[in-house]
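Listed below are the residues making up each chain.
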Amino acid sequence: MSEQTGAENGRALPESIAALARLARNYWWGWAADGASVFRDLDPRLWDECEQNPRELLAEVSELRLARAATDPVYVARVRRLAEKFDRYVADGEATWARREAPQISWANPVAYFCAEFGVHSSLPLYSGGLGVLAGDHLKSASDLGVPLVAVGLLYNYGYFRQRLRADGWQVEDYSKLDPARAPLALVRDDETNDPVRLALDIRGRRVEAQAWLASVGRVRLYLLDTNVAENGETDRLITGHLYGGDRETRCVQEIVLGVGGVRLLRRLKIEPCVFHLNEGHSAFLTLELARELIARGQTFNDAAPRVRERCVFTTHTPVAAGHDEFLPSLVEHCFGRDYVESLGLSLADFVNLGRVQADDESELFGLTPLALKMCRSTNGVSRKHGEVSRELWLEAFPGRTVGEVPITSVTNGVHAPTWVAPLMRDLYERYVAEDWDARACDEEVWSRGAARLPDEELWRAHLLLKRRLIAFVRDRVFNAHLRGGDLGGAEQARTLFDADVLTVGFARRVAAYKRWSLILTDVERLMRLITDEGRPVQFVFAGKAHPHDETAKEILRRIAQWKFHPHVARRAVFIQDYDHEIARQLVQSVDVWLNVPRRPLEASGTSGEKVAMNGGLNLSVLDGWWLEGYDSTNGWAVGEEHPPTGEHEDEDAADADALYRLLEEEVVPAYYERDGRGVPVRWVRMMKRAIETLVPAFNSDRMVREYVKRIYLK
Ligand SMILES: *Cc1c(COP(=O)(O)O)cnc(C)c1O
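Just so we're clear, the structure is a prediction, and the values are computed from it rather than from any experiment.

Enquirer: Hey, could you run me through the overall build of the protein in this one?
Expert: When you go through the protein residue by residue, the secondary structure sums to 30 helices and 22 strands. C-alpha atoms of the protein, sized along the principal axes, occupy 80 × 70 × 55 Å. Scored against the burial criterion, the 715 residues of the protein give a buried share of 59%. Across the protein, contacts joining residues at least 24 apart in sequence account for 73% of those joining residues at least 6 apart. Within the structure as shown, the protein displays about 27700 Å² of accessible surface, and the carbon and sulfur contribution to it stands at 48%.

Laid out in structure tokens, this is it:
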């Protein structure tokens, strides 16, 4: 692969800052201290316009700005320091956690991590929500810990949709073409011939070619398969068109490219993984390809299957049967083609049974989860509760066993601290917790001693500064949304939205029925009293996308959007359009309270509340997923009981809504507005410190990846 230095899209950078070109090609800058700010300071407005894509910034920034930066000794020194740190980081594989604790995993035999979406940074829109962002955090922690890992995904040429709300609140989806030449991606080329690497697959009876792109995430390589090549017809070029955008057939075909194509790519690159991690069932077809390879060398399917199992591990992310990927058997057969099924040495009936819990049950579809359960030596859910729920859900796949004996364990999700902690908080952690606080993210003792040292007033002032930034961000986003919609009056009003002194509650997540977006609107009068209270008001910031095919979710969204137009709420409730990695970062770093009210037990883990806790925000959440493990009565609030009233959903919703209002009225609002002589809410700050102390070490992704390595990857 050819690496350019000092040049960006044909443009030469001044020598004193030439290292920027190299830095721009590895997402490491996205979590390095002073990484984003070095790029941003070249041209802050352009930085936002190109959505924080450094390669695009370097191609577009004016000669004058480049020349100024290149002759500013302070700026030049910052670039040099960052580049030196980066060079040390990528070169220094020796002193890492993995080298000490898991020397069995090597770069010659790395972990292969497969996922249908990756949320590494908002400038690479290959994710829809929690699953993708979790995968991005997994890569970053693997990199930091020095875990030899390569990742495989798809390059969706149109990414995931951009959300726009019409004046009536209805969601409209826009897609824009991603330009790989402008993203920090390199076309994967053959070492000897330097030609782009090509793979051939046989799908729907046609030869489909794929190329691959490389995204560098610290020490980790992320390979992205792409069928948008000239040799393919229009339909096949669009296989890697949209994330979750097409019909069932497109989805099935995408998953063949990911699973089968992914294995072939690794072979082509001579990468021989020690373990294949199927992060969610979307990539489960890879197990068939591994079996096919063995069968081509003379084994039968029954000989091959246990050998495949030895090398594959599976993480399930969905606690409801309907959420698992499945297809009509005839569709799978059509997409794979008879030849592929024959190459597995299976009859059609046996092939279809691989995707079923009950063999020959004609009513069952071909499910990727049953396939993964059969073909992987380890299965885990993503929180303790989710492990429990999954054992019940998949009991039938393990005949003769009781629920307790179902071999599904759990590894609770965590989030990547250096990505999600605000620079201002990093600074506090450096000074009071540990200079290398990020390398000690898992050390409980460091955090319990460190949190105690954080001075109340300093912590509170830092939080207030971040809140002011949030308010400016909210105004800016809403202003621009109104301008784009031609609503000048709305744009003008956006300038006075929100108030830095008011208790601010954030609620941002995918709009799906189980997340219960409408719960907060159960008793509008009661909510209005909270929002419009003279002395102790509350303000709300909402964000979230509905799946493009989910009309119910879009209706919920419309209701929320309409409600915020109510004149009494106009200034104190906002919906920020187009929820993404960047908006998530702004919100989790600065809200006072993070609200989460899923229907139990449907939140497999949830991760956004973990991001909030790292920044000292307080969770106000239903006891489900990770919060069931994190909540200890001193570090946030639990909405409702652990076990909701049984029976109808309405009873559960009514009880939880009442508990939510009661907590806000009697606990959250009073604690927030109770101040000492310095204006510090002492009781509140004590809870912030408890959240930092108890939740950072337990719910960061270094802890998660270490667990995967020790308990799952190494047998
Ligand atoms: C963290 C994150 C999520 C996951 O949030 P949960 O609702 O807690 O699962 C989704 N989307 C984005 C953009 C995120 O950053």
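Enquirer: Which parts of the structure should I look at to understand the sheet that holds strand β17 (residues 503–508)?
Expert: Backbone hydrogen bonds hold the strands of a sheet together, and the pairing may be parallel or antiparallel. As summarised here, the arrangement of the six strands in space is β19-β18-β17-β20-β21-β22, forming an open sheet in which the pairing is parallel. Unpaired on one side and paired on the other, β19 (573–576) and β22 (636–639) mark the two borders of the sheet. On average, adjacent strands in this sheet sit at an angle of 20° to one another, irrespective of strand direction. Bridge count for strand β20 (residues 593–596) against strand β21 (residues 618–622) is four bridges, and the pairing is parallel. Residue pairing across strands places Trp594 opposite Asn619, the latter belonging to β21.

Enquirer: How do you make sense of the packing of aromatic side chains when you look at a structure like this?
Expert: What characterises a pair of aromatic rings is the spacing of the ring centres plus the angle enclosed by the ring planes. On inspection of all chains with the given rule, the structure shows 32 aromatic pairs. With centroids separated by 6.5 Å and ring planes inclined at 70°, the aromatic side chains of Phe161 and Tyr175 adopt a geometry described as edge-to-face. Linking Phe161 in the loop between β4 (149–154) and β5 (162–165) with Tyr175 in the loop between β6 (171–174) and β7 (185–187), this pair joins segments that are 14 residues apart in sequence. One aromatic cluster is present, built from ring pairs that chain together Phe507, Trp517, Phe540, Phe542, Trp563 and Phe575. Over the ring of Tyr89 we find Arg219; its NZ or CZ atom is 4.3 Å from the centre of that ring. Above the ring of Phe161, the side-chain terminus of Lys545 is found at 5.0 Å from the ring centroid.

Enquirer: Can you help me understand helix α8 (residues 130–145) in this one?
Expert: Given 3.6 residues to a turn, an α-helix orients residues that are three or four positions apart in the same direction. Under the 1.5 Å per step criterion, the end-to-end length of α8 is 22 Å for 16 residues, consistent within 8% with the ideal 22 Å. Here α8 lies mainly inside the structure; 14 of its 16 residues are buried. Note on α8: the residue one or two positions beyond its end, Gly146, has a positive phi of about 75°.

Enquirer: Quick question: what am I supposed to make of unusual backbone geometry here?
Expert: Cis peptide bonds are those with omega within 30 degrees of zero, and the linkage from Arg600 to Pro601 qualifies with 0°. Relative to the helices and strands, Pro601 resides in the loop between β20 and α26 (608–614). In this structure, Gln52 is a non-glycine residue whose phi angle is positive, near 60°. With respect to the secondary-structure elements, Gln52 resides in the loop between α3 (44–49) and α4 (54–60). According to the relative accessible area criterion, Gln52 is buried, its value standing at 10%.

Enquirer: Explain the nonpolar core to me, please; I cannot follow it from the model alone.
Expert: As a rule of thumb, nonpolar side chains are buried together in soluble globular proteins. Counting residues in hydrophobic clusters, the biggest one holds 144 residues, and the most contacted among them are Leu20, Phe276, Phe285, Phe351 and Tyr713. No other element matches the nine residues that helix α10 (residues 248–268) contributes to this core. Looking at which domains feed residues into this core, each of domain 1 (2–91) and domain 2 (95–413 + 708–713) gives three or more. The residues touching Leu20, leaving out its near neighbours within four places in the chain, are Leu13, Val38, Phe39, Leu42, Leu58, Tyr75 and Val79. With 106 residues, the next largest nonpolar core counts Phe575, Trp594, Ala657 and Met687 among its residues.

Enquirer: When you look at the site of the ligand in this model, what are you seeing that I'm missing?
Expert: Contacts to the ligand come from 14 residues, most closely from Lys515, Ala584, Thr607, Ser608 and Lys611. A distance of 3.1 Å separates an oxygen atom of the ligand from a polar atom in the side chain of Lys515. Side-chain polar atom of Ser608 to an oxygen atom of the ligand: 2.6 Å apart, as the coordinates give it. Across the complex, the protein chains shield 93% of the 390 Å² of accessible surface that the ligand would expose by itself. For the shell around the ligand, the elements supplying multiple residues, two or more each, are α8, α25 (581–588) and α26. Considering only residue class, the shell around the ligand consists of four nonpolar, six polar and four charged. Looking at the shell around the ligand, you find at least three residues from each of domain 2 (95–413 + 708–713) and domain 3 (418–699).

Enquirer: Even after reading the chapter, I still don't get the domain arrangement of the protein, so can you show me in this structure?
Expert: Interfaces are often sized by the accessible area lost when the parts come together. Assigned domains within the protein: domain 1 (2–91), domain 2 (95–413 + 708–713) and domain 3 (418–699). Using C-alpha coordinates to define each centre, domain 2 is positioned 32 Å away from domain 3. Each partner contributes to the interface: domain 2 provides 37 residues, whereas domain 3 provides 37 residues. Across the domain 2/domain 3 interface, buried area totals approximately 3000 Å², and carbon plus sulfur atoms make up 55% of it. Contact with domain 3 buries surface across domain 2, with Gln163, Leu165 and Trp170 losing the most and accounting together for 21% of the total. Between the two partners, domain 2 and domain 3, sit three salt bridges.

Enquirer: I tried to follow the packing of helix α11 (residues 286–296) against helix α12 (residues 301–311) on my own but got confused; where do I start?
Expert: Any two packed helices are characterised by the angle at which their axes cross and by the distance between the axes. Taken N-terminus to C-terminus, the directions of α11 and α12 make an angle of 125°; their axes are 9 Å apart at the nearest point. The angle between α11 and α12 falls in the class oblique. In this structure, the crossing between α11 and α12 has a hand that is right-handed. Each of Thr287, Leu290, Ala291, Leu294 and Ile295 in α11 lies in contact with α12, whose residues at this interface are Phe301, Ala304, Arg307 and Val308. In the contact of α11 with α12, the residues fall into seven nonpolar, one polar and one charged.

The rules behind these values
Residues numbered from 1 in each chain as written. Predicted model: local features only at pLDDT ≥ 70, side-chain atom pairs only at ≥ 80, totals over all residues. Heavy atoms only, no water. Helix = DSSP H or I, 4+ residues; strand = E, 2+ residues; numbered from the N terminus. Buried < 20%, exposed > 50% of the residue type's maximum accessible area, 1.4 Å probe, protein only. Contact = heavy atoms within 4.5 Å. Areas by Shrake-Rupley, 256 points an atom, 1.4 Å probe, with all protein chains shown as cover. Pairing = 2+ DSSP bridges. Axes fitted to C-alpha atoms, helices over the stretch in contact; angles between N-to-C directions. Phe/Tyr/Trp six-rings, centres within 6.5 Å; stacked < 30°, edge-to-face > 60°. Lys NZ or Arg CZ within 6 Å of the ring centre and 35° of its normal. Expected span 1.5 Å × (residues − 1). Core = buried A, V, L, I, M, F, W, Y, C linked by side-chain atoms within 4.5 Å. Domains from an automatic or database assignment. Near = heavy atom within 4 Å. Polar contact = N/O pair within 3.5 Å; in protein donor to acceptor, adjacent residues only side chain to side chain. Nonpolar A, V, L, I, M, F, W, Y, C, P; charged D, E, K, R; others polar. Buried area = accessible area lost by both parts, 1.4 Å probe. Salt bridge = Lys/Arg side-chain N within 4 Å of Asp/Glu carboxyl O. Parallel < 35°, antiparallel > 145°, perpendicular 65-115°, else oblique. Left-handed = near helix turned anticlockwise from the far one by under 90°.

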